[in-house]
Amino acid sequence: MSSTDARTDAGATPAIIPTGAVTDEVADTGPGADELTGSEPGTDVADTLDLRLPDELIDLIAGQGGTGGQANGSVGQGTGAGLPGYGHAVDGTRAHAPGGTSTALADDDLLDNVGAWGPVTTRSGVFQLVPVRIERDLALISRWMNDPAVAAFWELEGPESVTENHLRPQLDGDGRSVPCLGVLDGTPMSYWEIYRADLDPLARHYPARPHDTGVHLLIGGVANRGRGLGTGLLKAVADLVLDHRPPCARVVAEPDLRNTPSVSAFLSAGFRFSAEVELPEKRAALMIRDRALRALL
């Protein structure tokens with residue numbers, strides 16, 4: 001899918017942040033599985049770089065071998081106060097799989113417990129990233145994916161099974177990509193993917209650094225587009241990443257270079273334009289938010 005630009009901010013229609021879009025919203029800045037993995041549209045993000053994990057992480061995982069086989073940790077009770085139905089696993093980044101089993105790693109996961117980052121107050125209200133649960137969220141996310149403005153870039157339109165096939169590899173994978181709902185004042189209104197850019201095919205196209213963390217995004221409902229939410233939420237999520245991932249020095253994104261509104265939204269959210277990168281399906285603007293420059297941008 002060519003949704004990297006789509007999930008970037010500033011959509012084509014007042015909806016998404018597609019290439020050539022004209023909104024100031026981060027309506028759509030998705031990963032673009034086909035762009036970053038070389039897969040066919042709709043085949044998801046299964047193609048990830050075969051990079052070696054840090055020795056300390058391998059040692060930590062190995063040290064938990066005597067936990068009765070529950071390598072993925074236990075199910076948290078959820079701390080989504082004020083978010084009815086959208087609690088999250090406090091002990092891991094990923095959502096629970098159907099049947100109540102947890103797919104989340106404990107404190108040793110690759111993205112430092114996205115599900116436990118908690119809410120943050122923004123100018124638009126209280127915002128929280130809540131890891132996706134298929135049985136709860138599939139219908140909603142699929143409906144968003146079937147919005148023509150979203151489908152043009154994510155290429156996940158069709159029955160719910162299409163969206164499920166996109167989500168499953170992330171939920172059942174090793175935790176290098178965590179799909180989340182963006183919940184604003186108790187209402188889910190956006191879809192996010194927080195991922196390890198240094199472990200992603202994107203790393204083949206730029207000088208990645210350890211723990212670089214990437215962001216994909218789409219704004220769901222039409223009513224939430226064109227309101228200036230994109231820039232504010234991008235900044236909030238980048239701040240969450242930097243606050244809760246001490247090893248991460250940079251938050252990255254790769255909107256289509258032609259998508260001037262999207263690039264502008266990232267710039268307004270404290271990202272800087274780093275370089276042009278040639279991806280399989282587009283020429284992208286590599287946008288970076290540096291921890292070292294956080295106080296200045």
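The structure displayed is predicted, hence computed values, not measured ones. (Residues numbered from 1 in each chain as written. Predicted model: local features only at pLDDT ≥ 70, side-chain atom pairs only at ≥ 80, totals over all residues. Heavy atoms only, no water.)

## A closer look at the sheet that holds strand 7 (residues 272–279)
Rules: Pairing between strands requires that DSSP locate at least two bridges from one strand to the other. Only runs of H or I of at least four residues qualify as helices and only runs of E of at least two qualify as strands under DSSP, and these elements are numbered from the N terminus. Between N-to-C directions, angles cover 0 to 180 degrees, with each direction set by a line fitted to C-alpha atoms, over the stretch in contact for helices. Only heavy atoms enter the contact rule, under which two residues are in contact if any of them lie within 4.5 Å.
Pairing is mixed across the open sheet formed by eight strands, whose spatial order is 1-2-3-4-5-6-8-7. A strand with exactly one partner marks an edge of an open sheet, and here the two such strands are strand 1 (120–122) and strand 7. The average undirected angle you get between the axes of adjacent strands in this sheet is 30°. Across two bridges, strand 5 (residues 213–219) lies against strand 6 (residues 250–253) in parallel orientation. Among the inter-strand pairings, Gly214 is bridged to a residue of strand 6, identified as Val252. Its contacts with the sheet put helix 7 (residues 260–268) on strand 6, strand 7 and strand 8 (282–290), and the angle it makes with strand 8 is roughly 10°.

## Points about unusual backbone geometry
Although it is not a glycine, Asp112 adopts a positive phi angle of roughly 55°. One non-glycine residue, Glu155, adopts positive backbone phi at about 55°. Summarising the element assignment, Glu155 is placed in the loop between helix 4 (148–154) and helix 5 (160–171).

## Considerations on the pairing of strand 7
Both strand 7 and strand 8 contribute to a ladder of seven bridges, which runs antiparallel. Along strand 8, the bridge assignment pairs Ala275 with Leu286. Linking strand 7 to strand 8, which pair antiparallel, is a turn of two residues.

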